[in-house]
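Next come the chains, spelled out residue by residue.
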Amino acid sequence: MIRKYKDIVIRNATKDDAPDLLKWWNDGKIMEHAGFPNGLQTTLEDINKKIEESKIGVFERLIIEVDQIKIGEMSFSLDETGAADIGIKICDESYRNKGIGRICLSELICSLFDEYEFNEIVLTTQYNNKRAMHVYESLGFKLVKIEFNSWKDQIGNLRSIVHYRCNQDSFVNYAVEIN
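This text gives an overview of the structure that appears in the document. (Residues numbered from 1 in each chain as written. Predicted model: local features only at pLDDT ≥ 70, side-chain atom pairs only at ≥ 80, totals over all residues. Heavy atoms only, no water.)

## Observations regarding unusual backbone geometry
For K6, which is not a glycine, the phi torsion comes out positive at approximately 50°. Mapping K6 onto the fold places it in the loop between β1 (2-5) and β2 (8-12). (Helix = DSSP H or I, 4+ residues; strand = E, 2+ residues; numbered from the N terminus.)

## Quick notes on the pairing of strand β4 (residues 69-78)
Of the strand pairs in this sheet, strand β3 (residues 59-66) and β4 are connected by 8 bridges, and their pairing is antiparallel. Looking across to β4, one finds that I64 is bridged to G72. Between the antiparallel neighbours β3 and β4 lie 2 residues, among them D67 with a positive phi of about 50°. When β4 meets strand β5 (residues 84-90), the two strands line up antiparallel, connected through 7 bridges. Its bridge partner lying in β5, G72 is registered against I90. Counting the residues between successive antiparallel strands, the hairpin from β4 to β5 contains 5 residues, one of them, G82, with a positive phi of roughly 90°. (Pairing = 2+ DSSP bridges.)

## Things to note about the packing of helix α1 (residues 18-25) against helix α3 (residues 44-52)
Their axes nearest at 9 Å, the elements α1 and α3 cross at an angle of 115°. You can see that α1 and α3 cross each other, and the crossing is right-handed. The segment α1 lies against α3, with A18, P19, L21, L22 and W25 engaging L44, I47, N48, K50 and I51. Each residue belonging to the contact of α1 with α3 can be placed in one class, and the counts come to 8 nonpolar, 1 polar and 1 charged. (Axes fitted to C-alpha atoms, helices over the stretch in contact; angles between N-to-C directions. Left-handed = near helix turned anticlockwise from the far one by under 90°. Contact = heavy atoms within 4.5 Å. Nonpolar A, V, L, I, M, F, W, Y, C, P; charged D, E, K, R; others polar.)

## As for the side chain of D17
Mapped onto the elements of the fold, D17 is located in the loop between β2 and α1. Of note is the side chain of D17, whose polar atom sits 2.8 Å from the backbone nitrogen of T14. In contact with D17, other than residues within four places in its own chain, are R11, N12, I63 and K70. (Polar contact = N/O pair within 3.5 Å; in protein donor to acceptor, adjacent residues only side chain to side chain.)

## Some details on the nonpolar core
Ranked by size, the top nonpolar core spans 37 residues in total, and within it I8, I86, I109 and F141 carry the most contacts. Listed by contribution, the elements that provide at least two residues to this core are β2, β3, β4, β5, α4 (100-114), β6 (120-126), α5 (130-138) and β8 (158-167). With 9 residues, the single largest contributor to this core is α4. Every residue in contact with I109, bar those within four places of it in the chain, is listed here: I86, I121, L139, F141 and F171. (Core = buried A, V, L, I, M, F, W, Y, C linked by side-chain atoms within 4.5 Å. Buried < 20%, exposed > 50% of the residue type's maximum accessible area, 1.4 Å probe, protein only.)

## Describing α5
Buried within α5 we find A132, M133, V135 and Y136. The buried residues of α5 occupy an angular sector of 160° when projected down its axis, which confines them to one face. Tucked into the core, α5 has its buried residues touching β5, α4, β6 and β8. (Arc of directions from axis to C-beta.)

## Concerning the sheet that holds strand β7 (residues 142-152)
The sheet built from 8 strands is open, its strands ordered β1-β2-β3-β4-β5-β6-β8-β7 with mixed pairing. At either end of the open sheet lies a strand with only one pairing partner, and these are β1 and β7. Taken over all neighbouring pairs, the strand axes of this sheet differ in orientation by 20° on average, direction set aside. Set on the sheet, α5 makes contact with β5, β6 and β8; between it and β6 the angle comes to about 165°.

## Digging into α4
The terminal C-alpha atoms of α4, which comprises 15 residues, lie 21 Å apart, in line with the 21 Å expected from a rise of 1.5 Å per residue. Counting buried positions along α4 gives 14 out of 15 residues, so the element sits mostly inside the fold. (Expected span 1.5 Å × (residues − 1).)

## Section: the packing of aromatic side chains
Tallied over the entire structure, the rule returns 6 aromatic pairs. Taking 6.1 Å as the distance between ring centres and 80° as the angle between the ring planes, the aromatic pair formed by F76 and F118 counts as edge-to-face. Here F118 lies in the loop between α4 and β6 and F76 lies in strand β4, a separation of 42 residues in the sequence. Residue classification places F76 among the buried residues on the basis of a relative accessible area of 0%. With a centroid separation of 5.9 Å and an interplanar angle of 65°, the aromatic rings of Y136 and Y164 are classed as edge-to-face. Of the two residues, Y136 sits in helix α5 while Y164 sits in strand β8, which places them 28 residues apart along the sequence. Across the pair, exposure class does not vary: Y136 and Y164 are buried alike. Above the ring of Y127, the side-chain terminus of K130 is found at 3.7 Å from the ring centroid. (Phe/Tyr/Trp six-rings, centres within 6.5 Å; stacked < 30°, edge-to-face > 60°. Lys NZ or Arg CZ within 6 Å of the ring centre and 35° of its normal.)

Keep in mind these numbers describe shape, not what the thing actually does.
Structure representation (structure tokens):
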């Protein structure tokens, strides 16, 4: 996959991206939102395996670049219902709260509906991630359920998770809206 929007590029991850993914995934500050306040404690070898396991249309790990600077990642995978399960992280803090995540999600969602022909997109986030919840809802995602205190993170804190769904009829393409 490759998507471009002005100075933003979303592309498939390659082995050249593994050192950046290693840095991001092992950074507890970046990974805390996903329940890993100590980071993933993974290795370059493990990340390279994950990149190799990517399969077009089934599971893709994507890199977000702005002006050719890697600032984050996205992914999507086929879930058990046939929906696309997506995720995003803007890893470079200086690029957060600028609307880039919303644009990247819009571009990914357009691609999933138009090119990959998915009928539905799902995602989950932490209940305390209000910023992400606001972005998802602004794009047309509907809250399906909240699982309060449903799992423990790597240091034993109870976490609550929010499930969202979106289809083409409810999707609001933010990238088109701001043109």
